[in-house]
Amino acid sequence: MIKRNNAAIQASEITPRELFYGRRRFMQMAAGAGAAAMLSGAASAGDKLAGAKSTAYMLPDKPTPLEDVTRYNNFYEFGVDKESPAKSAGSLKTRPWRVAVEGEVQKPGVFDIDAMLRWAPMEERVYRLRCVEGWSMVVPWLGFPLAELIKRVEPTGNAKFVEFVTLHDAEQMPGQRSGVLEWPYREGLRIDEAMHPLTLLTFGLYGEVLPNQNGAPVRVIVPWKYGFKSVKSIVKIRLLEQQPVTSWMQAGPREYGFYANVNPAVDHPRWSQARERRIGEFLKRPTLPFNGYADQVAGLYAGMDLARYF
Ligand SMILES: Nc1nc2c(c(=O)[nH]1)N[C@H]1C(S)=C(S)[C@@H](COP(=O)(O)O)O[C@H]1N2
Ligand SMILES: [Mo]
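Here is what the cut-offs are and how they apply
- Counting restarts for each chain, with residues numbered from 1 along the sequence as it is written.
- Lettering of chains starts at A and numbering of ligands starts at 1, both following the order in which they are written.
- Per-residue local features are limited, in this predicted model, to residues with pLDDT of at least 70; the limit for side-chain atom pairs, both in listing and counting, is 80 or more; totals at the level of whole chains, interfaces and linings are taken over all residues.
- Computation of side-chain values covers all heavy atoms of the structure but excludes hydrogens and water.
- UniProt positions are given in the numbering used here, feature names are shortened, and annotations may be inferred rather than shown by experiment.
- Detection works on a 1 Å grid of protein atoms alone, calling trapped sets that fit a 1.4 Å probe cavities and calling open sets with protein on both sides within 12 Å along at least five of seven lines pockets, with lining residues defined by an atom within 4 Å of a point.
- Think of it this way: any DSSP run of H or I at least four residues long counts as a helix, any run of E at least two long counts as a strand, and we number them from the N terminus.
- Working definition: with a 1.4 Å probe on protein chains only, accessible area under 20% of the residue-type maximum means buried, over 50% means exposed, and in between means partly exposed.
- For this purpose, a residue is taken to be near a molecule or strand whenever a single non-hydrogen atom of the residue falls within 4 Å of it.
- Pairs of N or O atoms within 3.5 Å make up the polar contacts considered here, provided that, within protein, one atom can donate a hydrogen while the other can accept it, and that residues adjacent in sequence are counted only when both atoms are side-chain atoms.
- By definition, a pocket or cavity contains a molecule when more than half of the molecule's atoms lie within 2 Å of the pocket's grid points.
- For this classification, Asp, Glu, Lys and Arg are treated as charged, while Ala, Val, Leu, Ile, Met, Phe, Trp, Tyr, Cys and Pro are nonpolar and the rest, including Gly, are polar.
- Aromatic rings from Phe, Tyr and Trp, with only the six-membered ring used for Trp, were paired whenever their centres fell within 6.5 Å, and each pair was classed as stacked if the ring planes differed by under 30 degrees, edge-to-face if by over 60, and tilted otherwise.
- Working definition: the arc comes from the directions between the helix axis and the C-beta atoms, pointing outward to the latter.
- Here the rule is simple: two strands pair whenever DSSP picks up at least two bridges between them.
- Comment: axis = line fitted to C-alpha atoms, over the contacting stretch for helices; angle = value between 0 and 180 degrees taken between N-to-C directions.
- A carboxyl oxygen of Asp or Glu within 4 Å of a side-chain nitrogen of Lys or Arg is what we treat as a salt bridge.
- We call two residues in contact when some of their heavy atoms are within 4.5 Å.
- Put simply, buried Ala, Val, Leu, Ile, Met, Phe, Trp, Tyr and Cys residues joined by side-chain atoms within 4.5 Å make one nonpolar core.

(A) The UniProt feature "binding site: Mo-molybdopterin" (unreviewed entry) in the protein chain, seen in detail. As recorded in UniProt, the feature "binding site: Mo-molybdopterin" (unreviewed entry) lies at Asn73, Tyr76, Glu77, Cys131, Thr166, Asn214, Arg219, Ser230, Val231 and Lys232. Residues from the annotated list that form part of the lining of the second largest pocket: Asn73, Tyr76, Glu77, Cys131, Thr166, Asn214, Arg219, Ser230, Val231 and Lys232. For Glu77, the location among the structural elements is in the loop between helix H4 (66–71) and helix H5 (84–88). Residue class for Glu77 comes out buried when judged on its relative accessible area of 1%.

Here you go:
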């Protein structure tokens, strides 16, 4: 199931949902009344989500097995241990789902997830994700650049930062009954980071819609930053003039900075960041500056003291 070519799928296997998600041309033709009927089908984990392979963003690294990507997670809304999200994220309802985009924009809006899926061509990108705790994974994500969303709402000249907010609902996210973080989970980027072509608005992985434990129905992936910047299950995106305070900065300002660029030369106060363990491997490997994306992103931080702006 993992990497089947669309063309190889038998006609008899194609479900309406697959037509919607998997075949852009069909969608363009059906963009009228007929399409509306298909949109009412709620996408859930396991449903296919096709995207053109984005060769510019492939890596030589071996992808982490799907079983590990979906069973070893950080998603504190479903508990603090790695196994909890896979066990309990089934309580999250991902349809209907809307994302409010507001703040310093000319065209604020509340957008339905099924409309957002059609805003730009879906791409498959294999990215490294490096958790601040010292482990990493390699995942084929599906999405399109967050810049597509930001351009659509027309930022004003005052928009300097972008804040992301996760759903806040303890009925669906029982971990929010604990005080481990201040809820809802909030993260942020500088606008040039948010607009960078690497920053992916992410709807799927391994050819399927995001499993709940990986942040369904929509998250961001910012591959040169520690994993906690890659916010899951987003319901609000705010463009701001001032740098927002994130949940992790609130929890430990000395430990978690706003920038959180992967940097083997700047240790976490309680552990070294020089090396990492790739999930599924035994020996640690060296951590790369900007998680290996320095050639593409180091320019964003020219002249900045990265030990101070960690
Ligand atoms: N809303 C929310 N987003 C979150 C987190 C979280 O606890 N809540 N954990 C972060 C951390 S610490 C990491 S390492 C990644 C893990 O993503 P994954 O489970 O898909 O590997 O999600 C990030 N996004
Ligand atoms: Mo993390």
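That covers the picture; the talk isn't over yet.
(B) Local environment of the site of ligand 1. Lining the immediate environment of ligand 1, one finds 18 residues, of which Tyr76, Glu77, Met137, Arg219 and Lys232 sit closest. Contact between ligand 1 and Asn73: an oxygen atom at 2.9 Å from a side-chain N or O atom of the residue. For ligand 1, a nitrogen atom lies 3.0 Å from a polar atom in the backbone of Ser230. According to the grid-proximity analysis, the pocket containing ligand 1 is the second largest pocket. Residues belonging to the shell around ligand 1 are distributed by class as follows: 9 nonpolar, 6 polar and 3 charged.

(C) Structural context of the packing of aromatic side chains. Tallied over the entire structure, the rule returns 15 aromatic pairs. Here Phe144 and Phe203 contribute two aromatic rings whose centre-to-centre distance is 5.3 Å and whose plane-to-plane angle is 45°, an arrangement assigned as tilted. Taken as a pair, Phe144 in strand S5 (residues 135–145) and Phe203 in strand S8 (residues 200–205) lie far apart in primary sequence, 59 residues in all. With a centroid separation of 5.5 Å and an interplanar angle of 10°, the aromatic rings of Phe290 and Tyr301 are classed as stacked.

(D) Expanded view of helix H7 (residues 146–153). Within H7, the full set of buried residues consists of Leu146, Ala147, Leu149, Ile150 and Val153. Seen from one end, H7 has its buried residues packed into an arc of 160°, which puts them on one side. Residue Glu154 follows H7 closely and has a positive phi angle near 55°.

(E) Quick peek at the sheet that holds strand S11 (residues 234–240). Taken in spatial order, the 5 strands make up an open sheet running S3-S2-S11-S6-S7, and their pairing is mixed. The open sheet terminates on both sides in strands that have one partner only, identified here as strand S3 (109–112) and strand S7 (186–190). On average, each strand axis in the sheet is tilted by 20° relative to the strand beside it, whichever way the strands run. The pairing of strand S2 (residues 98–103) with S11 spans 4 bridges and is parallel. Residue pairing across strands places Ala100 opposite Lys236, the latter belonging to S11.

(F) Spotlight on the pattern of salt bridges. Across all of its chains, the model carries 18 salt bridges by this definition. Close ionic contact of Glu255 with Arg270 constitutes a salt bridge, the shortest N to O distance being 2.7 Å. Within this pair, whereas Glu255 is found in the loop between helix H9 (247–251) and strand S12 (275–278), its partner Arg270 is found in the loop between H9 and S12, the two being separated by 15 residues in sequence. Here Arg270 falls in the exposed class, since its relative accessible area comes to 56%. Connected through shared salt-bridge partners, Asp61, Arg128, Arg130, Glu276 and Arg278 make up one network.

(G) Highlighting the environment of Pro108. Here Pro108 shows up in the loop between S2 and S3. Taking the relative accessible area as the measure of exposure, Pro108 reaches 52% and is therefore exposed. Not counting residues up to four positions away in its chain, the partners in contact with Pro108 are Val101 and Glu102.

(H) The side chain of Arg125, seen in detail. Counting through the fold element by element, Arg125 comes out in strand S4 (residues 123–130). By relative accessible area, which is 2% here, Arg125 ends up buried. A distance of 2.7 Å separates polar atoms of two side chains, one belonging to Arg125 and the other to Tyr127. Side-chain polar atoms of Arg125 contact the backbone oxygen of Pro197, separated by 2.8 Å. With residues up to four places along the chain from it excluded, the contact list for Arg125 reads Ser54, Tyr57, Val139, Pro140, Trp141, Pro145, Pro197, Leu198 and Leu200.

(I) Molecular detail of the nonpolar core. In terms of nonpolar packing, the biggest core is built from 83 residues, with Leu149, Phe164, Leu201, Phe203, Trp224, Ile237 and Leu239 touching the most fellow members. Ranked by residues supplied to this core, first place goes to S5 with 7 residues. Residues in contact with Leu201, not counting those within four places in the same chain, are Met116, Leu142, Gly143, Phe144, Pro145, Leu146, Leu149, Val218, Arg219 and Val220.

(J) View of the side chain of Thr199. Locating Thr199 in the fold gives a position in the loop between helix H8 (191–194) and S8. A residue is classified by how much of its surface remains accessible, and Thr199, at 0% relative accessible area, is buried. Not counting residues up to four positions away in its chain, the partners in contact with Thr199 are Phe144, Pro145, Leu146, Leu189, Glu193, Ala194, Ile221, Val222 and Trp224.

(K) Molecular detail of the pairing of S11. As paired elements, strand S6 (residues 161–166) and S11 share 6 bridges and run antiparallel to each other. Considered in S11, the bridge of Val165 is made with Lys236.

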